[in-house]
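Residue-level structural notes
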Amino acid sequence: MLDEILLQVEKPGRYIGNEGGMEIKDPSKTDIRFAFCFPDVYEVGMSHLGLQILYFFLNRREDTYCERAFAPWHDMEEKMRENALPLFSLETFTPLKEFDFVGFTLQYEMSYTNVINMLDLSGIPIFAKDRKEEDPLIIGGGPCTYNPEPLADFFDIFYIGEGEVSYDELLDTYKKNKKAGGTKFDFLKAACRIKGIYIPSFYDVSYNDDGTISAFTPKYDFVPKTVEKVIVKDLDKVFYPEKQLVPLIETVHDRVTLEVFRGCIRGCRFCQAGYVYRPVREKNHQHLLDVCQKLVESSGHEEISLTSLSTGDYREFKPLAEGLLEKYSKDNVSISLPSLRIDAFSLDLMDKVQAVRRSGLTFAPEAGSQRLRDVINKGITEEEILKGCELAFSGGWTRVKLYFMTGLPTETKEDLLGIALLADKIVSKYFEIPKEERKDKPITVVASAACFVPKPFTAFQWERQSTVDEFYEKQKFVKNSITRKQIKYNYHEPELSSLEGVLARGDRRLSHALYKAWQLGAKFDSWQEFFSYDTWLEAFKQTNTSPEFYANRQRSYDEILPWDHISIGVKKEFFIEEAEKAKAEVVTPNCRKECSHCGVARFGCGVCYE
Amino acid sequence: MNENEKFVPLRPEDIKKYRLKFEKNQKLIYIGHLDLLKLFQRSVKRGKLPIEYSKGFNPHQLMVFAIPLPLGMESGAEYIDIRLTEDVPPETIVSSLNAVFPQGIRILEARKISFSQNCAADVHSADYTVILPHTGFEDIIEEINKSESIQIERTVKKRVKQTEIRPYIKKLSIEGNTLKTTLVTGSQGNLKPDDLLKYIYKCKGLEYIPYKVKIKREEMYADTEGSVKL
Ligand code: SF4
Ligand code: SF4
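Only a predicted model underlies this, so the values are computations on that prediction, with no experimental measurement involved.

A closer look at the packing of aromatic side chains
Residues and elements named next belong to chain A.
- Under the counting rule described, the total for this entry stands at 47 aromatic pairs over all chains.
- Considering the side-chain rings of Tyr146 and Tyr277, the 6.5 Å spacing of their centres and the 85 degrees angle between planes classify their relative orientation as edge-to-face. One end of the pair, Tyr146, is in the loop between strand E4 (137–141) and strand E5 (157–159); the other, Tyr277, is in the loop between helix H8 (272–276) and strand E12 (281–282), and 131 residues separate them in sequence.
- Owing to a relative accessible area of 24%, Tyr277 belongs among the partly exposed residues under this scheme.
- Ring pairing ties together the aromatic residues Phe34, Phe101, Tyr159, Tyr167, Tyr174 and Phe187, which thus form one cluster.
- Above the face of the Phe549 ring, Arg553 is positioned so that its terminal group lies 4.1 Å from the ring centre.

Right, dumping it as structure tokens:
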């Protein structure tokens, strides 16, 4: 029947597995079956590095078979429901219901309804409390688990931190419990003692009259009060796959992805990734070149991409980039570079790499004025940008992309005007070049403005988010202040960011709204063509949920935040200090310049000990 | 081009061209032509074959398929010509590609061909086996075999056109629900099995549902009569 269905859907290659590098095992000879689910369409999920790493990490265990599943596209879902075909794994076409674990990687809030939908398509009860002994354990990992509360009622386990650290212990514990004939509860009881493992059903939450949390308490005495993230200390020693799954159909990124470090030294105050992945831990460039060679050979990919936060901060960037160029430029393997600080070296490098030239120069000042950049601790100055552009223009570059955010804390009209002014100055810079040298090429500056979403574990976690109307007003104001025809202005639709703002800082009560939104038809919310804001507003209304309470409310420092029982190592006092420094427009130096004692040094590794 | 790098015309013996025959079945029938091309490009690299690249701004591997295989159709005989920079024993080509191919695609044989050959130009007909969800087509098959002319409607560039297809049907037989046919195939004339099946179903007054039908391409030929293998 599957075959007949596959002939009736768009891109059936999404549902057939069989990729290069796919693990083939005999499920009857493994003790643990783990379904790794990415709650988005195949092409998106397969481009995700985390999936590739964890897939091979789990499969390196002989007793475990990790298989994959993705959110079926609408047409496929329709056919599956029509024919009562449950969601299956791509490796062996086994229904997800038959697995021991069904794991979801939670990369963005807007994929939550897809999680619910995938559980439903699998015939697995959606709420954890409704699941029986024989149902799989539902486990979540990834960046959204730093505040997993809106999903708490759907999951049995959240894994907080980097997968390589605790999965072995978790799976060993599972196996032992299964052999001993233990129950699910027995397993969860043992699991909650493992580092980084959070069992949401082991906690009670109570609320004040004003809706804020009054207490968050463990139900049993064996349950830890806080769960701290786990991280890999030495990235050169930890497992890293030497092959990649190579999809049979075109995906978002068909390339070798090299992770050069984890974490970020910069500490931009709005950036959750910059805080939760602290401290920076680098890999040795020689080690990377070796791994890269193996990945290129085993995948046959013709593009290599360096993926890390702020990759230009890598101390061994030069030898790595030169090593890659030397090795691969003659082999028709291209290298895609991240956005770099513009100087003579990086320009020369970018010149050698064709892929970059097409897309132009990129800067992420995030805010239009120096004042606001100080507030958000974005250590990039106008002078730096203009100098970089000048250098690039005289080297023949003519496209510049600028990334901004609107709705940042303390933002005023002057700051917004700054967006237009900066773009304007860049255009002027171009016309300062003698006419003969410009070769009549037109210049384009694209200014792109996203809507600021305050996130947990940032200096702005207490801030109110602008409302949809406020965002529209700001966008209009910026748009109207841009007059030059060489400047293009793009902006994100605020509705999506607003909803993201609700879910990002939500608590457990939001699960009802989420469930309702799904019932009303919400799914693939990160896809503009499917996102329906009205559906969500209706879901909020029907469940008596106030989105404003979550998104647009200023919190006080002493409020119990829904994610307070999770620890990323950075102390709350540090975030308060940062929030105050933001108001005072005082910058904090990056980790390499000077340690600000955020608390993360107790992990005993990385930049804190360089 | 470098100044002292003079343009030297290639001599025919410098061109190292190989023709590979492969099968595509199981789940791999669900990947389309462009994805198959990508798969070949990557596999040639993974298998470390010394593939020749085109010259110019956007170099690409020199390989050409005889004719695209429609998504969903199985094949026991697809052909691709590839150019290498040096001679490689055909057995090595077969084994190095098969070692890296996923399940569902396999090289059956490889042979060196002359520089002027090109499978896309060489192919003239193909054999197909079709498994139908219905039986009882014997009369229509007999009628078709006896007829001199068959007109079908085909939509070409959004316009419905009458096309004569009889000369394209070289052999046609049926046994139970298994239909076998040899059809003219290639750039100089082409009849898709689907078009023929649609016609047969229409004559029978039945609805033709493509996904209920299993089609397999069995072989390709260098002549229109289905006798000289590609
Ligand atoms: S540079 Fe700033 S925005 Fe970028 S990852 Fe680091 S902290 Fe986040
Ligand atoms: S302890 Fe210091 S060096 Fe380490 S992450 Fe925090 S601020 Fe950076």
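So, next bit.
Some details on the pairing of strand E13 (residues 303–306) of chain A
Residue and element names in this part refer to chain A.
- Relative to E13, strand E10 (residues 256–258) is paired through 3 bridges, and the arrangement is parallel. Across the sheet, residue Leu258 finds its bridge partner in E13, namely Leu306.
- Assessed by its sense of winding, the connection that carries the chain from E13 through helix H10 (residues 317–328) to strand E14 (residues 334–336) is right-handed.

With respect to the nonpolar core
- If you look at the biggest cluster of nonpolar residues, it comprises 156 residues, and the most contacted ones within it are Phe101(A), Phe104(A) and Phe40(B).
- By size, the runner-up hydrophobic cluster in this structure holds 63 residues, among which are Tyr240(A), Leu324(A), Phe363(A) and Val607(A).

What about the interface of chain B and chain A?
- If you look at the interface, chain B gives 21 residues, while chain A gives 27 residues.
- Each partner contributes to the roughly 2,300 Å² buried at the junction of chain B and chain A, and carbon and sulfur atoms together form 55% of this total.
- The largest share of the area that chain B buries against chain A comes from Lys27(B), Tyr30(B) and Arg42(B), three residues that together contribute 32% of it.
- If you look at where chain B meets chain A, you find 4 salt bridges.
- The partner of Glu302(A) in a salt bridge is Lys45(B), with the nearest N and O atoms 3.5 Å apart.
- Taken together, the residues of the side of chain B that touches chain A break down into 10 nonpolar, 3 polar and 8 charged.

Details of the pairing of strand E1 (residues 16–24) of chain B
Residues and elements named next belong to chain B.
- Across the 9 residues of E1, 9 count as buried, placing the element largely inside the fold.
- Of the two faces of E1, both are covered, the one formed by Lys16, Tyr18, Leu20, Phe22 and Lys24 as well as the one formed by Lys17, Arg19, Lys21 and Glu23.
- Bridging between E1 and strand E3 (residues 74–84) involves 8 bridges; their strand directions are antiparallel. The residue bridging Phe22 from the neighbouring strand is Glu78, located in E3.
- Here 8 bridges tie E1 to strand E4 (residues 105–113), and the two strands are oriented antiparallel to one another. Directly across from Tyr18, in E4, lies its bridge partner Lys112.

Considerations on the domain arrangement of chain A
All names here are of chain A.
- According to the domain assignment, chain A contains domain 1 (2–228) and domain 2 (256–492 + 569–583).
- Averaged C-alpha coordinates put domain 1 and domain 2 at centres separated by 33 Å.
- Taken together, the contacts link 9 residues of domain 1 with 12 residues of domain 2.
- Of the roughly 870 Å² buried between domain 1 and domain 2 on both sides combined, carbon and sulfur atoms contribute 48%.
- Ranking the residues of domain 1 by area buried against domain 2 places Leu49, Tyr146 and Glu162 at the top, with a combined share of 60%.
- Counting across the domain 1 and domain 2 interface gives 4 salt bridges.
- A salt bridge links Arg262 to Glu162; the nearest nitrogen and oxygen atoms lie 3.2 Å apart.
- Taken together, the connections running from domain 1 to domain 2 amount to 4 residue pairs in polar contact (both at pLDDT 80 or more).
- Its residues assigned to classes, the side of domain 1 that touches domain 2 comprises 4 nonpolar, 1 polar and 4 charged.

Digging into the sheet that holds E10(A)
Residue and element names in this part refer to chain A.
- A sheet is described by the order of its strands in space; here 3 strands give the open sequence E10-E13-E14, paired in parallel fashion. Pairing within the sheet leaves two strands with one partner each, and these edge strands are E10 and E14. Pairwise comparison of adjacent strand axes, ignoring direction, gives a mean angle of 25 degrees for this sheet.
- The strands that helix H9 (residues 285–299) touches are E10 and E13; relative to E10, the one it contacts most, it runs at about 165 degrees.
- Contacts from H10 reach E13 and E14, with the element oriented near 175 degrees to E13.

With respect to the sheet that holds E5(A)
All names here are of chain A.
- Spatial ordering of the open sheet is given by E2-E1-E3-E4-E5-E6, a layout of 6 strands whose pairing is mixed. On the outer flanks of this sheet lie strand E2 (64–70) and strand E6 (197–198), each paired with one strand and no other.
- The pairing of strand E1 (residues 32–38) with E2 spans 7 bridges and is classified as parallel. Paired with Phe38 across the strands is Phe70, a residue of E2.
- The sheet strands contacting helix H5 (residues 112–121) are E1, E2, strand E3 (101–105) and E4, and the helix crosses E3 at an angle near 160 degrees.

Examining the site of ligand 2
- Neighbouring residues of ligand 2: Arg278(A), Cys591(A), Cys595(A), Ser596(A), His597(A), Cys598(A), Ala601(A) and Cys608(A).
- Across the shell around ligand 2, the residue classes break down as 5 nonpolar, 2 polar and 1 charged.

Regarding the site of ligand 1
- The full set of residues close to ligand 1 is Cys264(A), Arg266(A), Gly267(A), Cys268(A), Phe270(A), Cys271(A), Gly274(A), Leu309(A) and Lys378(A).
- Counted by class, the shell around ligand 1 contains 5 nonpolar, 2 polar and 2 charged residues.

As for helix H19 (residues 510–519) of chain A
All names here are of chain A.
- All buried positions along H19 are accounted for by Leu510, Ser511, Ala513, Leu514, Ala517 and Trp518. Considered in projection along H19, the buried side chains sweep an arc of 160 degrees and stay on one side of the axis.
- Those residues of H19 hidden inside the fold are in contact with H5, helix H18 (494–504), helix H20 (533–542) and helix H21 (547–551).
- Positioned one or two residues after H19, Gly521 has a phi angle of 110 degrees, which is positive.

A word on the layout of surface pockets
- Estimated volume of the second largest pocket: approximately 990 Å³.
- Taken together, 31 residues form the lining of the second largest pocket, with Glu302(A), Glu303(A), Asn332(A), Ser334(A) and Asn58(B) sitting closest to its centre.
- If you list the elements that add at least two residues to the lining of the second largest pocket, you get E14 and helix H12 (354–359) of chain A together with helix H1 (33–46) of chain B.
- The class makeup of the residues in the lining of the second largest pocket is 9 nonpolar, 13 polar and 9 charged.

Considering the side chain of Arg269(A)
- With respect to the helices and strands, Arg269(A) occurs in the loop between strand E11 (261–262) and H8.
- Here Val586(A) takes part through its backbone oxygen, which lies 2.8 Å from a polar atom of the side chain of Arg269(A).

Considering the pattern of salt bridges
- Counted according to the given criterion, the structure contains 73 salt bridges over all chains.
- Between Arg19(B) and Asp122(B) there is a salt bridge; the shortest N-O distance is 2.9 Å. Here Arg19(B), found in strand E1, pairs with Asp122(B), found in helix H3 (residues 119–122); they are 103 residues apart in sequence, far enough to count as distant. As far as the burial class goes, Arg19(B) and Asp122(B) line up, both buried.
- Between Lys198(B) and Asp195(B) there is a salt bridge; the shortest N-O distance is 3.8 Å. Within this pair, Lys198(B) and its partner Asp195(B) are both found in helix H5 (residues 193–204), separated by 3 residues, close to a single helical turn.
- Residue Asp195(B) is classed as buried on the basis of its relative accessible area of 10%.
- Salt bridges sharing partners connect three or more residues here, namely Asp31(A), Arg60(A), Arg61(A), Asp63(A), Asp168(A), Asp172(A) and Lys175(A).

A look at the environment of Ala66(B)
All names here are of chain B.
- Its location among the elements puts Ala66 in the loop between strand E2 (63–65) and E3.
- Given a relative accessible area of 8%, Ala66 falls into the buried group.
- Sequence separation between Ala66 and Ile80 is 14 residues, and the spatial gap between their C-alpha atoms is 5.9 Å.
- Filtering out sequence-adjacent residues up to four positions away, Ala66 remains in contact with Tyr79, Cys119, Ala120, Val123, Met220 and Leu230.

Here is what the cut-offs are and how they apply
- Residues numbered from 1 in each chain as written.
- Chains lettered and ligands numbered in written order.
- Predicted model: local features only at pLDDT ≥ 70, side-chain atom pairs only at ≥ 80, totals over all residues.
- Heavy atoms only, no water.
- Phe/Tyr/Trp six-rings, centres within 6.5 Å; stacked < 30°, edge-to-face > 60°.
- Helix = DSSP H or I, 4+ residues; strand = E, 2+ residues; numbered from the N terminus.
- Buried < 20%, exposed > 50% of the residue type's maximum accessible area, 1.4 Å probe, protein only.
- Lys NZ or Arg CZ within 6 Å of the ring centre and 35° of its normal.
- Pairing = 2+ DSSP bridges.
- Right-handed = clockwise from strand over helix to strand, strands pointing away.
- Core = buried A, V, L, I, M, F, W, Y, C linked by side-chain atoms within 4.5 Å.
- Contact = heavy atoms within 4.5 Å.
- Buried area = accessible area lost by both parts, 1.4 Å probe.
- Salt bridge = Lys/Arg side-chain N within 4 Å of Asp/Glu carboxyl O.
- Nonpolar A, V, L, I, M, F, W, Y, C, P; charged D, E, K, R; others polar.
- Domains from an automatic or database assignment.
- Polar contact = N/O pair within 3.5 Å; in protein donor to acceptor, adjacent residues only side chain to side chain.
- Axes fitted to C-alpha atoms, helices over the stretch in contact; angles between N-to-C directions.
- Near = heavy atom within 4 Å.
- Arc of directions from axis to C-beta.
- 1 Å grid on protein atoms, 1.4 Å probe; cavity = no way out; pocket = protein on both sides within 12 Å on 5 of 7 lines; lining within 4 Å.
- Points joined across faces, edges and corners; volume = space filled by probe spheres on them.

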